[in-house]
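# Structure at a glance
For reference, the chains in residue letters:
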Amino acid sequence: MRLVLASIALVVAIGWSVGISARDPVTTTATSVTPVADLIHQEASRLVDDGVVRGISVGFLDLEAGDRVVGHFGEPEGGAAYGIASVSKIFLAMVASQLVAEGKLDLETPLADVLPDFSLRRPHPASPPITVRHLLTHTSGLSRDRIAGMQSHCVLDDRYLLSHFAEHHQSLPAGYRHAYSNPGIELLGYALEEVSGQAFTDLVADRILRPMALGSTSYSDDEPLGLPRAPSYMPGSGEPVPEPPIRYTAAGGLTSTADDLLDVVEMLLSDGLSRGTRVLDRDAVEAMFRHQNRDVALDTDVMMGLAWFLEDLPEPYRGRLVHHGGGSIMLNAMTMLAPEYGMAAVVLAATAGSYPAVDGLARQILFAALEARTGEPPRDQLAQDPAPEAWSADRRAEARGRFATASEILEIGDRDGRLVVRTGDAVHLARTFDDASFSYSDAFRLHVRQVGEERILFLTGPAGTQPIGRETSEPLAVPGAWLRAQGEYRLTGTCPEGEVVFYERIRLHVRDNVLRASLHLGPMPASIFGVTAMHNVLIPRGDDVAVMAGFGRYPGEAVYLETAPDGATVVSFAGLRFTASR
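What you see is a predicted model, and the numbers here were worked out from it, not measured in a lab.

A few words now on the overall build of the protein chain. If you tally the helices and strands in the protein chain, you get 15 helices and 29 strands. Taking 2.2 N^0.38 as the reference for a compact globule, 582 residues should give roughly 25 Å; the C-alpha atoms of the protein chain span a radius of gyration of 25 Å, in line with that estimate. C-alpha atoms of the protein chain, sized along the principal axes, occupy 70 × 60 × 50 Å. For the protein chain, the proportion of its 582 residues judged to be buried stands at 56%. Pairs at least 24 apart in sequence give 60% of the contacts found in the protein chain among residues at least 6 apart. Taken as a whole, the protein chain presents about 24200 Å² of accessible surface, with 50% of it coming from carbon and sulfur.

At the junction of Glu75 and Pro76, the peptide bond is cis and its omega measures out at -10° in the coordinates. Its place among the elements puts Pro76 in the loop between β3 (67-74) and β4 (82-83). The omega torsion across Glu315 and Pro316 is 10°, close enough to zero to call that bond cis. Position of Pro316 relative to the elements: it lies in the loop between β9 (309-312) and β10 (320-327). Despite not being glycine, Ala85 shows a phi value in the positive range, around 50°. By secondary structure assignment, the location of Ala85 is in the loop between β4 and α3 (89-101). Under the relative-accessibility criterion, Ala85 is labelled buried at 3%.

Now for the packing of α3 against helix α8 (residues 200-209). α8 packs onto α3 with a crossing angle of 80° between their chain directions and a minimal axis gap of 10 Å. For the element pair α3 / α8, the angle class is roughly perpendicular. Along the contact surface, α3 presents Phe91, Leu92, Met94, Val95, Gln98 and Leu99, while α8 presents Phe200, Leu203, Val204, Arg207, Ile208 and Leu209. Grouping the amino acids of the contact of α3 with α8 by side-chain chemistry returns ten nonpolar, one polar and one charged.

On to the nonpolar core, then. Phe91, Phe118, Leu136, Leu187, Leu192, Ile208 and Leu268 are the most contacted members of the largest nonpolar core, which totals 80 residues. For Leu192, the contacting residues outside a window of four places in its chain are Leu92, Val95, Ala96, Leu99, Leu105, Phe200 and Leu203. Ala352, Trp482, Val500 and Val571 belong to the second-largest nonpolar core, a separate cluster that totals 33 residues.

Across the sheet, which stays open at both edges, the nine strands sit in the order β16-β15-β14-β13-β21-β20-β19-β18-β17 with antiparallel pairing between neighbours. If you trace the sheet from one side to the other, it starts and ends with β16 (426-429) and β17 (431-432), each paired once. Relative to strand β14 (residues 409-415), strand β13 (residues 401-405) runs antiparallel, the two being bridged by four bridges. Note on β14: the bridge partner recorded for Ala404 is Ile409.

Our focus in this paragraph is α8. In an α-helix, one turn spans 3.6 residues; hence positions three or four apart end up facing the same way. Across the ten residues that make up α8, a large majority, seven, are buried. Taken together, the buried positions of α8 are Phe200, Leu203, Val204, Ala205, Arg207, Ile208 and Leu209.

This part takes up helix α7 (residues 182-196). For α7, which comprises 15 residues, the first-to-last C-alpha distance of 21 Å matches the rise-based estimate of 21 Å (1.5 Å per residue) to within 8%. Counted residue by residue, α7 has twelve buried out of 15 residues, so it is predominantly covered. Of the residues making up α7, those classed as buried are Asn182, Pro183, Gly184, Ile185, Glu186, Leu187, Leu188, Gly189, Tyr190, Ala191, Leu192 and Glu193. Here the buried face of α7 lies against α3, α4 (111-114), α5 (132-136), α6 (160-165), α8 and α9 (249-252). The opening residue of α7, the one whose side-chain oxygen lies 2.9 Å from the backbone nitrogen of Gly184, is Ser181. Of the residues flanking the end of α7, it is Gly197, one or two places downstream, whose phi is positive at about 75°.

Our next topic: the pattern of salt bridges. Counted under the stated rule, the structure contains 37 salt bridges. For the salt bridge of Arg395 with Glu389, the shortest nitrogen-to-oxygen distance reads 3.8 Å. For Glu389, a relative accessible area of 33% corresponds to the partly exposed category. Here Arg490 ties to Glu488 by a salt bridge, and the two come within 3.5 Å at their closest N and O atoms. Assessed through its relative accessible area of 42%, Arg490 is described here as partly exposed. Take Glu488: its relative accessible area is 27%, and that puts it in the partly exposed class. Within this structure, Arg68, Asp259, Asp263, Glu266 and Arg275 form a network of salt bridges that share partners.

Moving on to the confidence of the model for the protein chain. Summing up the model confidence of the protein chain, the mean pLDDT is 88 and the portion of residues at 70 or higher is 90%. Below pLDDT 50 for its whole length, residues 1-31 participates in 61 contacts with residues either more than four positions away or in separate chains.

Tracing the sequence through the fold places Arg207 in helix α8. Filtering out sequence-adjacent residues up to four positions away, Arg207 remains in contact with Val95, Gln98, Leu99, Glu102, Lys104 and Val279.

On to the pairing of strand β23 (residues 503-511), then. Successive residues of a regular strand alternate their side chains across the two faces of the sheet. Summarising the sheet, strand β22 (residues 487-492) and β23 pair through four bridges and their orientation is antiparallel. In the sheet register, Glu488 faces β23, and the bridge partner there is Arg507. Where β23 meets strand β24 (residues 514-521), eight bridges bridge the pair, whose relative direction is antiparallel. Counted as the bridge partner of Tyr503 is Leu521 from β24. Linking two consecutive strands that pair antiparallel, namely β23 and β24, is a turn of two residues; a positive phi of about 55° is found at Asp512 within it.

About the criteria used
Residues numbered from 1 in each chain as written. Predicted model: local features only at pLDDT ≥ 70, side-chain atom pairs only at ≥ 80, totals over all residues. Heavy atoms only, no water. Helix = DSSP H or I, 4+ residues; strand = E, 2+ residues; numbered from the N terminus. Rg over C-alpha atoms; globule rule 2.2 N^0.38 Å. Buried < 20%, exposed > 50% of the residue type's maximum accessible area, 1.4 Å probe, protein only. Contact = heavy atoms within 4.5 Å. Areas by Shrake-Rupley, 256 points an atom, 1.4 Å probe, with all protein chains shown as cover. Axes fitted to C-alpha atoms, helices over the stretch in contact; angles between N-to-C directions. Parallel < 35°, antiparallel > 145°, perpendicular 65-115°, else oblique. Nonpolar A, V, L, I, M, F, W, Y, C, P; charged D, E, K, R; others polar. Core = buried A, V, L, I, M, F, W, Y, C linked by side-chain atoms within 4.5 Å. Pairing = 2+ DSSP bridges. Expected span 1.5 Å × (residues − 1). Polar contact = N/O pair within 3.5 Å; in protein donor to acceptor, adjacent residues only side chain to side chain. Salt bridge = Lys/Arg side-chain N within 4 Å of Asp/Glu carboxyl O. pLDDT = per-residue confidence, 0-100.

Given below as structure tokens:
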């Protein structure tokens, strides 16, 4: 039982409790936790009432005040265990940090030294060896997101990713840019098995789950968790919609609860101690939360710890937000900490499209708690707009170039003393500013920067500053094999037991002398994301391979042309195979 700090009537009415876990006998008063408890009740109830989620579990922890809040809203009554998707990666990071502290692993060790069966069909020619640090900071250059079999009922071969990458192209040089990679994390899970001599699930159970008594956290669908597993829903659906399991154990395979995840973040906020048991060294926790990709030139607005994402807290607060979210088709989770204040929030839901709400609620909770602690609300950090400036001919010449972005070729040139940007057939007069940026839209600004031996085009907008394209030679010749391959291809070879069909077809076509691929989403992803297709510029690298341009969802990802035994043309991408429509 928990020490309930709200009235009995309120608990019965909304089905939640606020207080301190019985295994942590700290006493507190209702006044210290009420503002956050009220916010959780109000906002979580609203998300259920508005149909954003069918059920949601929320947790909050404040070590200084001794407050611990756990609430469940909606279905099923009484709470549930949720698939936490990529929040599972923090468990891998903890085990990896333990092995580093024990001297069994080094962050600079090449993956191939630990995992000798690992190889790539086409390593990137500019890449150094992929290290453990690259994998933990998502700078390995390996394929970025979904690949074949990731979310399905397929029975996969043991360590099937090794055979996948033996036929795969390295998308980017290691250490070149942050590009979130589920396969990279899964490979690191294989490497931890090699170092420890244990299966990955046993490794996590022996080192994290059992020492911390996390009885509602498991990789197994068959293991009893003390709570029902939350059913998953599409928005507006009255019936649960079964979602195929995530087959990547290390990258996304755990089921857990808000209570158990609060225990994990409490341990991390307590310098690695869990109710008197040391789980991690203090130095290991500090390393996980330290900015690890500071020297990666293209990671302008991405700060990574070891698996964890980092953000500076807004003024007037000090320190950082440390967080990791998780999202599949319908599972959404967020674990977020403010280490300098000893606070954390956990939010779990299982309704498609609810990730923004889950992330937003975690932030609302922590900022409300920080405001209650300090008496000051967070302040918006408004960037100073640059002043307009008429550029000289030399300044305009420095910006000129042809840049391949994910979806378009941008040509930056000079016309009658003005900077111009050509996109396809359209020519835009650009405004120029005194910070060397330029723009043809109120929504963003562009600037060109030399990074190593490349010229990179960056975009600054509401989400910060990100690279969007590399300078490319002119013209982009399209080989005859790709010209002949134009047409539509449909997904084939999916798992017969069912697989989430993220892309159901791909169309190759040439427009403005540029090779392009249109990836058409399956019905379920299309309904969630509100788009039916993603469009990518392809850069041919030969008659049988091209790579996706720019820095979009699949930067540098290889697209292959193959011929099937029956003579049909096949396009393969991220392990997915598409056969020419007849």
